[in-house]
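Fold and contact review
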Amino acid sequence: MKTSSNYLGKSCERVEDTALLTGGGRYLDDLPLPVGTLYAAVVRSPIAHGKIISVDIESALQLRGVRAILTIDDVQAWSNPLVVAVKTPMRQWVLANDYVRYVGEPIAVVIAESRALAEDGVEKIVLNIQPLPAVVDVDVALADTSIVLHQDIGSNCVLDRSYRYGDPESAFKNAARIVEVDIRYPRNSCTPIETGGVVAQWRAADSSYEVTSNFMGPFSLHVVMAAALKVAGTKLRHHVAPDSGGSFGVKQSVLPYVIMSCLASRKAGAPVKFIEDRLEHLQAATSATSRHTHLRAAVDGDGKILALDYDQIEDCGAYLRAPEPATLYRMHGCVTGPYQIQNLKIRNRVVLINKTPTGLVRGFGGPQVYYALERLIQKIAKTLGKTHQEIAALNYVQKEQFPYRAAAGALLDSGDYQKALKTLESSPEFKKLLDHRDQAKKEGRHYGIGIASIVEPSVSNMGYITTVLTKEQRAKAGPKNGAITSATVSIDPSGNIAANIASAPAGQGHQTVISQLLADVFGVLPSQIQVNVDFDTAKDAWSIAAGNYSSRFAGAVAGTVFLAAEKLKARIADYAAHVLKVKPDQLIFANGNISVVGAEDGGIPFSRVCGNFHWSPGLIQEALGRDTTLALQETQFWSADVLEAPDEDDRINTSAAYGFALDACGIEIDPETCSAKIDQYITVHDAGRILNPALADGQIYGAYAQAVGAALFEEFVYSSDGNFLSGTFADYRLPTASDIGVPKIYHQESPSPFTPLGAKGIGEGNSMSTPVCIANAIADALDLENIVLPATPSRIHALLVEKGALNLDKPSSQVSSMTTNADYPLKAQGEVKLEVLPEDIFAVLMDPERLKNVIPGCESIRKKSITNGIRYDCIAVVRIGIAKARFAAQVDLTKVQSPDSFVLGGEGRGPLGMALGMGQVSLKKEGATTILIYDYQAQVSGKLAAIGSRLLEGAIRLVLDQLFRALAKEAGAKHEGLFKSLITKLFGLLGVAK
């Protein structure tokens, strides 16, 4: 049989876009809700580490419209802790139990008649949490003296495994050189326009749950969710919304929200809807793992790498949440990248610290591995006085070696890395980069070129995560392997074709490619194809590998649709051959007809043949025999044969196919703004057979844009006390179009022998290659090694100072009078000249009635004596911006030496967070004036810290400076309005604001 090739491999228009561009998308928030649906809001921890003393929900339950509140008691009665991939006694429930271990950890869920009412209920819940020291650095967490997050484990290290392949010891002993790098890859994430969301319903009649969410898979986690809910998998029916406003991996973090929402529905006795707001998504959903890697290479005199020695320490946050430590092990089999290095040592440690649990972020594992490996390649080149390309070419796997078995087990399927390098070096864009660098050096400008080579794994082996286990543990649990993909193709009586796929697209164009594919197989128009992506675990064919992740669409999903279609086509061809009195292999499906090769003008309509299967089954059986399958529907399951379980030596082929990307970029450093500007970016890709070039380019553009963010802008920042400081897009900065530019893309095709269509993944490559390519360019521009990502202007400024290209401003002569306290990361120092006597300032501070009169919303103020001073206990309602909160605050004046000095301390607690501060204040009289000197340290938690970190230190300085000026004026009974304003700001800082 022959088919027309009119569509596949061409840049056809996306069939999804009409709906998406005209507001016709069907996202989770657009879908109709079950009758009586309630809304959930989550009470979250305002601090990184603490012991829960009490959670008072009574006031919240009295609010009109609040229907129920889910607590840890309910969770423990109706569910199990989440299972983890590593054998550990750590237990994580979907609500905090006894302790909170990261800012934003869920503590309770308020269920009400609207989201607004639920949030009102959240503010009424009173948390009594005893703060504990936090640990926010993996190296500190490994120290014997570190705070331990989970006492039942007894250590912050939940996994410590070592691997050895070949004979690395001999290679290092005989090496001409040993080159090493010490690398830290930061936490970052993806920021889809649509955050995570769930609609859940408990059905008491049959003790089941029905869920609709924008969870993207992998559906191996369906088993985890069902186990947590104490129901069989068939009792958890999961629908995936037809459209998703992006995922990039992070929507696997919807997993705990599915469980939480199901339990909330059970508690309320009604359907429940929950959707994250942006702060919740940034603060508490998930992030990529950060990794501290020490990587050594044994190198001969020419630059040939004889062995590698990886020491990797993975930050997985406060809990090891499934599927972690997937980020560490997805790349395990291919940690040698595109290079032929057969001697290898690896030590992997997984460490828990007081940060958000980590998970899948686009390219998971790849950016962390290649940031170390390609920085190492550049350092080897520099050490030997060669170019990055020369060292890479010397070590590349050769074309004739494919399929190539890497040291740790990856079976690199196909490729021609040397051809890609020639494409890059001969391109006009690369020649311009070289010219620009030469010209910049002549003019004394900072311009560098970065190179990076990576292999991009796709179609993950579901057994790779079991490499964390010892061979004895694996033997006991049984082998795990494969990547079962399923698809169903059916044809109606009119010859129209439908496909159901077990993948949940997030904008990639699944429907377009499947339409092209089926149109070619059956010789019809793409408009005759309907591709259904609204996944339903109760009705659709699926397995645990189902979902949208690991660039599996082209290689696995489209390939499985092709296999199902070919089986269906063969069934149709048998009957058509009988009608046309030829053999099936003489037929051609094209232009809506089935005809004989060489006589394409004749034949019979495709629709008529298909109609006979529906309307005249007896005719089909008469022609082909009574045992003929009559259904014009075919469900196909497929898994690559090369995906085997880890062997006894811990070798694992982690994926079915491996693409290749080779990048080069030019970066110029602006000495005025200390920013890195991308001059030109070039990327050469080999993703096997390209199914739709326009969509392939779209995937490259998307991965590249996100990677530019990771390289230059995006980072989850935490203070030393574990507070999250990147809760808005003012602090978690995303790149704009002007920051990114348009990369030049070159394609080559080396079809995979292991996937049905020869296609490989292409959606993650630049998320792996671009961060290190940019870092290499910055290192080249500045001739420095210690490049830390993201390379923000402040970090580049520090590098320019280190290089001697910039001079620091003269440091302040003011010396801190306070002992630095790591628990108070915000600092403010200054001095103010006041036209009033010190005695008058003290008179204001010591009079509670005067303070009460000027503090807006002050309901009560009480003065009492404490050790070494006095305390004001205040209850006040304060409005800051759009937020209004009632809070309890304590302001302490201690070590009072009137009228010369005092220590100002404060503590505020409210529904939106907590704040602590302390500072030394000195007053020096100079004639009729006072010189007031202050040295203040503060700690702010909860929403204020998350959404205000960009301004907090400056705000504290400003408020304190103006406050003391206002005190002086108040002492003279002038400008009371200004004093009120500033007191409000001070209490806001002390007492929590949104």
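Residues numbered from 1 in each chain as written. Predicted model: local features only at pLDDT ≥ 70, side-chain atom pairs only at ≥ 80, totals over all residues. Heavy atoms only, no water.

Another point: the overall build of the protein. Counting its regular elements, the protein contains 28 helices and 36 strands. For 994 residues, the compact-globule estimate of 2.2 N^0.38 gives 30 Å, and the C-alpha radius of gyration of the protein, at 32 Å, lies within 12% of that figure. With respect to the three principal axes, the spread of C-alpha positions in the protein is 115 × 75 × 55 Å. The 994 residues of the protein split such that 59% are buried. A separation threshold of at least 6 residues defines the contact pool for the protein, and within that pool the share at least 24 residues apart is 76%. Roughly 37800 Å² of accessible area belongs to the protein as shown, and the carbon and sulfur atoms make up 50% of that amount. (Helix = DSSP H or I, 4+ residues; strand = E, 2+ residues; numbered from the N terminus. Rg over C-alpha atoms; globule rule 2.2 N^0.38 Å. Buried < 20%, exposed > 50% of the residue type's maximum accessible area, 1.4 Å probe, protein only. Contact = heavy atoms within 4.5 Å. Areas by Shrake-Rupley, 256 points an atom, 1.4 Å probe, with all protein chains shown as cover.)

Below, the discussion takes up the sheet that holds strand S5 (residues 99–100). The strand order S5-S3-S7 describes an open sheet built from three strands, whose pairing is antiparallel. This sheet does not close on itself; its edge strands, each paired only once, are S5 and strand S7 (126–131). (Pairing = 2+ DSSP bridges.)

Here helix H11 (residues 366–384) is 19 residues long and its end C-alpha atoms lie 27 Å apart, about the 27 Å a rise of 1.5 Å per residue gives. Counting buried positions over the 19 residues of H11 gives 16, a clear majority of the element. (Expected span 1.5 Å × (residues − 1).)

The strand order across the open sheet built from five strands is S8-S16-S15-S14-S9, with neighbouring strands paired in mixed fashion. Every other strand in the sheet has two partners, leaving strand S8 (157–165) and strand S9 (177–185) as the edge strands with one partner each. Taking each pair of neighbouring strands and ignoring which way they run, the sheet shows an average axis angle of 10°. (Axes fitted to C-alpha atoms, helices over the stretch in contact; angles between N-to-C directions.)

With that settled, consider the packing of aromatic side chains. By convention here, two paired aromatic rings are described through the distance between centres and the angle between planes. Applying the stated criterion to the full structure yields 22 aromatic pairs. When the ring of phenylalanine 716 is compared with that of phenylalanine 724, the centres are 5.3 Å apart and the planes differ by 85°; the resulting orientation is edge-to-face. In terms of burial, phenylalanine 716 and phenylalanine 724 fall into one category: buried. An aromatic cluster is built from Tyr339, Tyr396, Phe402, Tyr417 and Phe660, whose rings are joined through pairwise contacts. Lying over the aromatic face of tryptophan 202, arginine 266 brings its terminal NZ or CZ to 4.2 Å of the ring centre. Its guanidinium or amino end placed over the ring of phenylalanine 172, arginine 296 lies 4.3 Å from that ring's centre, counting from NZ or CZ. (Phe/Tyr/Trp six-rings, centres within 6.5 Å; stacked < 30°, edge-to-face > 60°. Lys NZ or Arg CZ within 6 Å of the ring centre and 35° of its normal.)

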